[in-house]
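# Analysis of the macromolecular model
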Amino acid sequence: MAGHTVGGTGLSDSGPSNHHIPYGVLHGINPVTTSFINQEGSAFDFGELEEAIVLQGVKIRNDEASASLYTGRPAATLEMFPSWPMRFQQTVRGSSKSGGESTDSLSSKAETQLEAESPSSKKASSDQQTFDQTHLQPLPGQQQLEMASDNIRTGPSQNQSVAKQPLEKRKGPGSTSERTLDAKTLRRLAQNREAAKKSRLRKKAYVQQLESSRIKLTQLEQELQRARSQGLFLGGGAGAGVDISSGAAIFDMEYARWLEDDHRHMSELRTGLHAHLSDGDLRVIVDGYISHYDEIFQLKGAAAKSDVFHLITGMWTTPAERCFLWMGGFRPSELIKMLIAQLDPLTEQQVVGIYSLQQSSQQAEEALSQGLDQLQQSLIDTIAGGSVSDGMQHMIVALGKLSNLEGFVRQADNLRQQTLHQLRRILTVRQAARCFLVIGEYYGRLRALSSLWSSRPRESLISDDSSCQTTTDLQMVHPTQSHFPNF
Amino acid sequence: MQCYRSETWGYYMASRSSLENPLERVARLASESAVVIFSVSSCCMCHAVKRLFCGMGVNPTIYELDHDPRGMEIERALTRLLGASSAVPVVFIGGKLVGAMDRVMASHINGTLVPLLKEAGAMWL
């Protein structure tokens, strides 16, 4: 936002209208800073100075021919240090016309008082600085005279009035009327102060955040360096994100490649089925698909050794898959349940086989889940228990227990692999081909669901209470009803 | 709820020869019950295999190696027998070695576990 009114950067928080009719209310007021300062007494505080600047700025703007440029800020910033003698201030202004750094330092000091986002205010400052230069120069003489008289008048607040002097030069001698502060002005000025304060705090918080991020970045770089030196990075610079382990990054790459292979296998199955290949040829394709799955289980086994959390939390999958994850992968009994409907027609023997497969996988899943529960409980007890002095010992024990996690993920993958193999045994070649096609398509759709979900329009008018898509659609049809408590 | 019986070692120590080597001991113990599981009380995978059998309505005989004075020997022997990193859990059915958890799971999925249990008399329809 270019073009700040004097003290207006504070107002940027309080309302957009402030910029356009900044001080309409103050039209009736002749903001004579000197008289104001006179009234307020001798104690100097920045709040009053701000107000004075605001009022000055208003006056100047009112007197300006070109109302589009806001003025006074750089001059105001310069007048932040009323203890400086007038001559010095002029010199400072003069030097800052030429040099960039002093402008910056002064502007930044102004910023601490008159808040706002650094780039815009600096820009505004420099804009105003340039503007000031063109306007201030023609009236040096008059300015000197006014200042002298002002100094005499203000007494102890002399410095402030001196500070205000360059701003005052534009007003004629006759305009030093009494300024009345009405409630609106007071409120606005108070808002200014608040906004300025808020901005200062925001800026401080932002800087602190930057600092901590910088520290974190150096720490991560060091970790990366350490990991590299230990030879954990294979194939040079896997380009993994800093907060992902190298084992996880490697697995993610391998999994991505496996997914591409999966597409290829699926097309083979599809064309094989449609082309009515002989059973022998189809068998080759089907067995190839089984090997394809064996491969991912092998990869997962290796990944479980290096980063079991990556697997078990499902960070390698899409969100929708992750939602239904069981022990680092799909739940075999759920898969079979899904398949039962799609595998018709089956012989009676096959039906028995499928149902008993479902039952045994359910029992195995239950057993593993209970084992994992016990591991979790045991881990909690270890971490929670023990006195402060035993801390390290407990950590060591906990680490030992945590290492069992890999075993559970391995057993779960083993279960998944065995289930697929058993399906292959129960079904004929054609049935198996169709079965694996269904499986592949199912997970493909689940992955697609994740993408669709993440790219859905966020600012929907639908309340978040709707649980299923159909309900949402219904609500969209009737927008005026009370389905939308948010409005 | 316990579906298995944990044997006390004392009885066996008193009445059997202490010259028996660990593997012989294992073989003997395995032949004395329909379903025998060698376990460690703190092992969670052992807990899982116990739950599996209990869930199927089987009452296995459990030997907790950490409660046995000669448990360490047996553990070492089992590790060598299995060629695996972990000795437990190990399952014997009808005196014959089935294996560690992965073998037990695989045999359950491919439908060979239940017939084995029935044959050993550990399960009735």
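Residues numbered from 1 in each chain as written. Chains lettered and ligands numbered in written order. Predicted model: local features only at pLDDT ≥ 70, side-chain atom pairs only at ≥ 80, totals over all residues. Heavy atoms only, no water.

A few words now on the interface of chain B and chain A. Facing 16 residues of chain B, the contacting portion of chain A comprises 20 residues. Carbon and sulfur atoms make up 67% of the area that chain B and chain A hide from each other, which totals about 1600 Å². Area buried by chain B at its contact with chain A is led by B:Cys44, B:Met105 and B:Ile109, which between them contribute 40% of it. Across the contact surface, chain B and chain A share 0 salt bridges. Of all the elements in the fold, those that place two or more residues in the side of chain B that touches chain A are helix H3 (44-55) and helix H5 (101-109) of chain B. Residues belonging to the side of chain B that touches chain A are distributed by class as follows: 10 nonpolar, 4 polar and 2 charged. (Contact = heavy atoms within 4.5 Å. Buried area = accessible area lost by both parts, 1.4 Å probe. Salt bridge = Lys/Arg side-chain N within 4 Å of Asp/Glu carboxyl O. Helix = DSSP H or I, 4+ residues; strand = E, 2+ residues; numbered from the N terminus. Nonpolar A, V, L, I, M, F, W, Y, C, P; charged D, E, K, R; others polar.)

Here we take up a nonpolar patch on the surface. Residue and element names in this part refer to chain A. The grouping of Ile 383, Met 392, Met 395 and Ile 396 at the surface amounts to a nonpolar patch, some 420 Å² of accessible area in total. Of the residues forming the nonpolar patch, the biggest block, 3 residues, is contributed by helix H18 (residues 391-402). Relative to the elements of secondary structure, Ile 396 occurs in helix H18. What makes Ile 396 partly exposed here is its relative accessible area of 47%. (Patch = residues over 30% accessible without salt bridge, like charges linked within 9 Å, V, L, I, M, F, W, Y side chains within 5 Å. Areas by Shrake-Rupley, 256 points an atom, 1.4 Å probe, with all protein chains shown as cover. Buried < 20%, exposed > 50% of the residue type's maximum accessible area, 1.4 Å probe, protein only.)

Another aspect to go through is the pattern of salt bridges. Residue and element names in this part refer to chain A. The final tally for this structure, using the stated rule, is 17 salt bridges over all chains. In this structure, Lys 300 engages Asp 413 in a salt bridge whose closest nitrogen and oxygen atoms are separated by 2.9 Å. Residue Lys 300 is found in helix H13 (residues 279-306), and its partner Asp 413 is found in helix H19 (residues 404-426); the two are separated by 113 residues along the sequence. Under the relative-accessibility criterion, Lys 300 is labelled buried at 3%. Each of Arg 270, Glu 441 and Arg 445 takes part in one network of salt bridges that share partners.

Moving on to the packing of helix H17 (residues 348-384) of chain A against H19(A). All names here are of chain A. Where H17 meets H19, the closest approach of the two axes is 11 Å, and the angle between their N-to-C directions is 180 degrees. Between H17 and H19, the crossing angle belongs to the class labelled roughly antiparallel. On the side of H17, the interface is formed by Gln 350, Gly 353, Ile 354, Leu 357, Ser 361, Ala 364, Glu 365, Leu 368, Gly 371, Leu 372 and Leu 375, while H19 contributes Asn 404, Leu 405, Phe 408, Gln 411, Ala 412, Leu 415, Thr 419, Gln 422, Leu 423 and Ile 426. Of the residues that constitute the contact of H17 with H19, the class distribution is 12 nonpolar, 8 polar and 1 charged. (Axes fitted to C-alpha atoms, helices over the stretch in contact; angles between N-to-C directions. Parallel < 35°, antiparallel > 145°, perpendicular 65-115°, else oblique.)

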